[in-house]
Amino acid sequence: GMIEVAKSKFQGIENVEFQCTDIEHLRLDESVDCIMIYNAFPHFPDPERLLKALASLVTVGGRVSIAHGMSRSQIDGHHKGAASKVTNGLMHENELKKLFEPYFDVDVVISNDSMYQVSGVKRTVG
């Protein structure tokens, strides 16, 4: 149902496409310029595998950003209880930065009382 909600918010915008799929297994005909994982990161079971998959989808010079509209402690508190079975907790921003670094030049690391974000620009690997 979330795909339908998202589509309704972007009606008439031709360069936005929505897919309901596992991002770690997604194959595209061409790379994308930007990938945003918003308010979902703790639900991915293997963050290292996720970053490798994201790097394979974004073009050199493109951006990947992982963000939450709450602090790390708020997110972890939010996921206690029923969601605890489908979440890993939100890793420290410096740990996430290390996962980014094989693929991305990290230029944003924020963790404060109102948000959490790590973001970088893909560089040529090698």
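Coordinates for the structure precede this section.
Residues numbered from 1 in each chain as written. Predicted model: local features only at pLDDT ≥ 70, side-chain atom pairs only at ≥ 80, totals over all residues. Heavy atoms only, no water.

1. Considerations on the pattern of salt bridges
Alright, step 1. Across all of its chains, the model carries 6 salt bridges by this definition.
Alright, step 2. For the salt bridge of R49 with E24, the shortest nitrogen-to-oxygen distance reads 2.6 Å. Placement of R49 in helix α2 (residues 47-57) and of E24 in the loop between α1 (2-9) and β1 (32-38) is noted, with a sequence separation of 25 residues between them.
Alright, step 3. With a shortest N-O distance of 3.4 Å, K97 and E101 are connected by a salt bridge. (Salt bridge = Lys/Arg side-chain N within 4 Å of Asp/Glu carboxyl O. Helix = DSSP H or I, 4+ residues; strand = E, 2+ residues; numbered from the N terminus.)

2. A look at the pairing of strand β3 (residues 104-111)
Alright, step 1. The sheet contact formed by β3 and strand β4 (residues 116-122) spans 7 bridges and is antiparallel. Bridging across to β4, S111 finds its partner in Y116.
Alright, step 2. What sits between the antiparallel neighbours β3 and β4 is a turn of 4 residues. (Pairing = 2+ DSSP bridges.)

3. Details of the packing of aromatic side chains
Alright, step 1. Counted according to the given criterion, the structure contains 3 aromatic pairs.
Alright, step 2. Judged by centre distance (5.7 Å) and plane angle (55°), the ring pair of F10 and F18 falls under tilted.
Alright, step 3. With a relative accessible area of 27%, F18 lands in the partly exposed category.
Alright, step 4. Between Y103 and F104, the aromatic rings sit 6.2 Å apart at their centres with planes inclined by 65°, giving edge-to-face as the arrangement. Considered together, Y103 and F104 belong to a single accessibility category, that of buried residues.
Alright, step 5. Members of the aromatic cluster, each reached through a chain of ring pairs, are F100, Y103 and F104. (Phe/Tyr/Trp six-rings, centres within 6.5 Å; stacked < 30°, edge-to-face > 60°. Buried < 20%, exposed > 50% of the residue type's maximum accessible area, 1.4 Å probe, protein only.)

4. A few points about the environment of G1
Alright, step 1. Within the secondary structure, G1 sits in the segment before α1.
Alright, step 2. Sequence spacing of G1 and C20 is 19 residues, and the spatial spacing of their C-alpha atoms is 9.8 Å.

5. Description of α2
Alright, step 1. P47, L50, L51, A53, L54, A55 and L57 are the residues of α2 that are buried.
Alright, step 2. On its buried face, α2 sits against β1, β2 (58-68), α4 (93-100), β3 and β4. (Contact = heavy atoms within 4.5 Å.)

6. Observations concerning the side chain of E93
Alright, step 1. Here E93 shows up in helix α4.
Alright, step 2. Given a relative accessible area of 12%, E93 falls into the buried group.
Alright, step 3. If sequence neighbours within four positions are ignored, E93 has contacts with R72, V109, S111, Y116 and V118.

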